[in-house]
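A look at the structure
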Amino acid sequence: MEENFNMVAKTLFGFEDILANELTQLGAQHVKKGVRNVAFSGDKGFMYKANLGLRTAIKILKPIHSFTVNGEKDLYNKIYAMDWSQYLKPTGTLAVDATIHSDLFSHSLYIAQKTKDAIVDKFRDTDGQRPNVDLKFPDLKINVHIDRRQCTISLDSSGDSLHKRGYKTATNIAPINEVLAAGLIMLSGWDGQSDFMDPMCGSGTMLIEAAMIACNIPPNLMRKEFAFERWQDWDVDLFEKIEESLLGKTRDFHHKIIGYDKAPSAVAKAKENVKNAQLEDFIEVKHEDFFKTQKGGDQKLHMVFNPPYGERLNLDMESFYANIGDTLKQNYPGTDAWFITSNLDALKHVGLRPSRKIQLYNAKLESRLVKYVMYEGSKKGKYLK
C-alpha cells in the first residue's frame, strides 16, 4: 500500500469552495480550504488523479520540509542540510520558484537563487557533481514558500500550470484561462442538463470546458507532460490505471453546446480548438453577432460568457453592455445568463437586476461574475428576480 502524504492544490481567488468540493468528490482526505489554495492528503495514485482530474487547480504541490527561517544564511543552511538525493540525481536538472510574504526577504528571485545554490553545493560536496538548472523541462521543480518566518519546501508535481490543458493551439487577443473558464461554469451551477451557450466564444475555451464538465471528461488528459513523470518514483503502470479509471466515469450528454462569435477568425480558432479536444460531436460554433440572434425553441438555456472589458478593444462599453441587457431581455426568454467582467461601470448599463454577484479576479483585474434570470412569458417585469 502506498502511504498517504500532505499536498496543496493552488487555485484562483474565489474558487476555493469548488476546488475543495472537487477534491472531496475525487476521494481526497483531510480537505482544508485556505486562500487561493486547498490542502489535502492522499497517496501517489491520488496525486496523479488530482493532476488529471481537477478542473479548478493550477498546481499540485507536495510539501517535503517545513522550518522557521531567520535570514538568508539560515535559509541556505537548512536547505543544504536536507537529503536531496532521494529526489534528484547529481546529473539531473532542477528549477526553483519562490513566493514570499515576509519582511525578512524582499525578492523572490533571490530566494529561488539561494535555494538553488544550497542544493547544487550539497551535491557538489557529497558527489563531486552538481545538477544543472533547466527552467523549461527540469527533472525536479521545487517551490519555496515563505510566510513571515515559516518556510515550506515543496515539490511541484504539475510542472506547467494546469490551465494548459493541451487542446488550445489557437487563441484570440484575450483568451480566457482554462481554469478560470471551468470555475465560472461550475460556479454557475451548469450540470449538463440543458443546452449551453457562449454568445461571444472567442477561441472556444468556455465551450470546451462546458463539454468536458457535461461529459465528466478529465480536463488534463491531453497534456503532454506532468512534472511527476520525471520523478525518481514515477510509476507509469499506476498512472495508466488511474487514467483508465477516470475515463471509465465519463457520461453521455444529450443537449447542445453552441458558440457564437462575430469575428470569422475567432470562429475558425474555436473550431480548431474544439477539434483538438475531440469534442466536435457536442459543440457547434457559428459565425453570428449575438445582438442579432434569438433563442431557438422553448428549452431552458444556460449561458456563460466573457464579454470584452474595453481593456484591449476600442468599443463604446456603455452602449455595448446596454445591448447585452436588451438582447437578453427581448430575445432570450427561459435563459440563465452568467457573465464575468472587470468593467464595473459598464455593468451598470446592462439595465437588468442581477440575481447573483460573485467577486473574482481575471488575471489581476478585480471582476464580477453576474447572473441574470430571463423568465419565459411576458417581457416586462418578468426578468427581475
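Below or above, wherever it landed, is the structure these notes cover. (Residues numbered from 1 in each chain as written. Predicted model: local features only at pLDDT ≥ 70, side-chain atom pairs only at ≥ 80, totals over all residues. Heavy atoms only, no water.)

Let's shift gears to the overall build of the protein. A count of helical and extended segments in the protein gives 10 helices and 15 strands. Against the compact-globule benchmark of 21 Å for 385 residues, the protein has a radius of gyration of 23 Å, which places it among compact chains. With the principal axes as the frame, the protein shows a C-alpha extent of 75 × 45 × 40 Å. Relative to its full complement of 385 residues, the protein shows a buried share of 51%. Contacts in the protein between residues at least 24 apart in sequence constitute 75% of all its contacts with a sequence separation of at least 6. Working note: accessible area of the protein is about 18500 Å², and carbon and sulfur atoms make up 47% of it. Across the protein, the mean location of the 52 positive side-chain charges is 5 Å away from that of the 50 negative side-chain charges. (Helix = DSSP H or I, 4+ residues; strand = E, 2+ residues; numbered from the N terminus. Rg over C-alpha atoms; globule rule 2.2 N^0.38 Å. Buried < 20%, exposed > 50% of the residue type's maximum accessible area, 1.4 Å probe, protein only. Contact = heavy atoms within 4.5 Å. Areas by Shrake-Rupley, 256 points an atom, 1.4 Å probe, with all protein chains shown as cover. Lys, Arg positive; Asp, Glu negative; His and termini not counted. Charge placed at Lys NZ, Arg CZ, Asp CG, Glu CD.)

Right, let's get into the sheet that holds strand β7 (residues 140–147). Backbone hydrogen bonds hold the strands of a sheet together, and the pairing may be parallel or antiparallel. Taking strand neighbours across the sheet as the criterion, the eight strands line up as β2-β3-β1-β4-β8-β7-β5-β6 in an open arrangement whose pairing is mixed. Looking at strand neighbours, the two that pair on one side only are β2 (29–33) and β6 (132–133), the edges of this open sheet. In the sheet, strand β1 (residues 5–10) pairs with strand β4 (residues 59–68) via three bridges, with the strands oriented antiparallel. In the strand pairing of β4, A9 is matched with I60. (Pairing = 2+ DSSP bridges.)

At their nearest, the axes of helix α5 (residues 178–187) and helix α6 (residues 205–214) sit 9 Å apart, and the two run at 60° to each other. Looking at the two axes, α5 sits oblique to α6. You can see that α5 and α6 cross each other, and the crossing is right-handed. The segment α5 lies against α6, with E178, A181, A182, L184, I185 and M186 engaging T205, M206, E209, A210 and I213. In the contact of α5 with α6, the residues fall into eight nonpolar, one polar and two charged. (Axes fitted to C-alpha atoms, helices over the stretch in contact; angles between N-to-C directions. Parallel < 35°, antiparallel > 145°, perpendicular 65-115°, else oblique. Left-handed = near helix turned anticlockwise from the far one by under 90°. Nonpolar A, V, L, I, M, F, W, Y, C, P; charged D, E, K, R; others polar.)

Right, let's get into the packing of helix α2 (residues 44–53) against helix α7 (residues 236–247). The contact between α2 and α7 brings their axes to 9 Å, and the two run at 50°. Regarding the angle of α2 to α7, the classification is oblique. Crossing hand, α2 versus α7: right-handed. Between α2 and α7, the residues in contact are K44, G45, Y48, K49, L52 and G53 and L238, F239, I242, E243 and L246, respectively. Across the contact of α2 with α7, the residue classes tally to six nonpolar, two polar and three charged.

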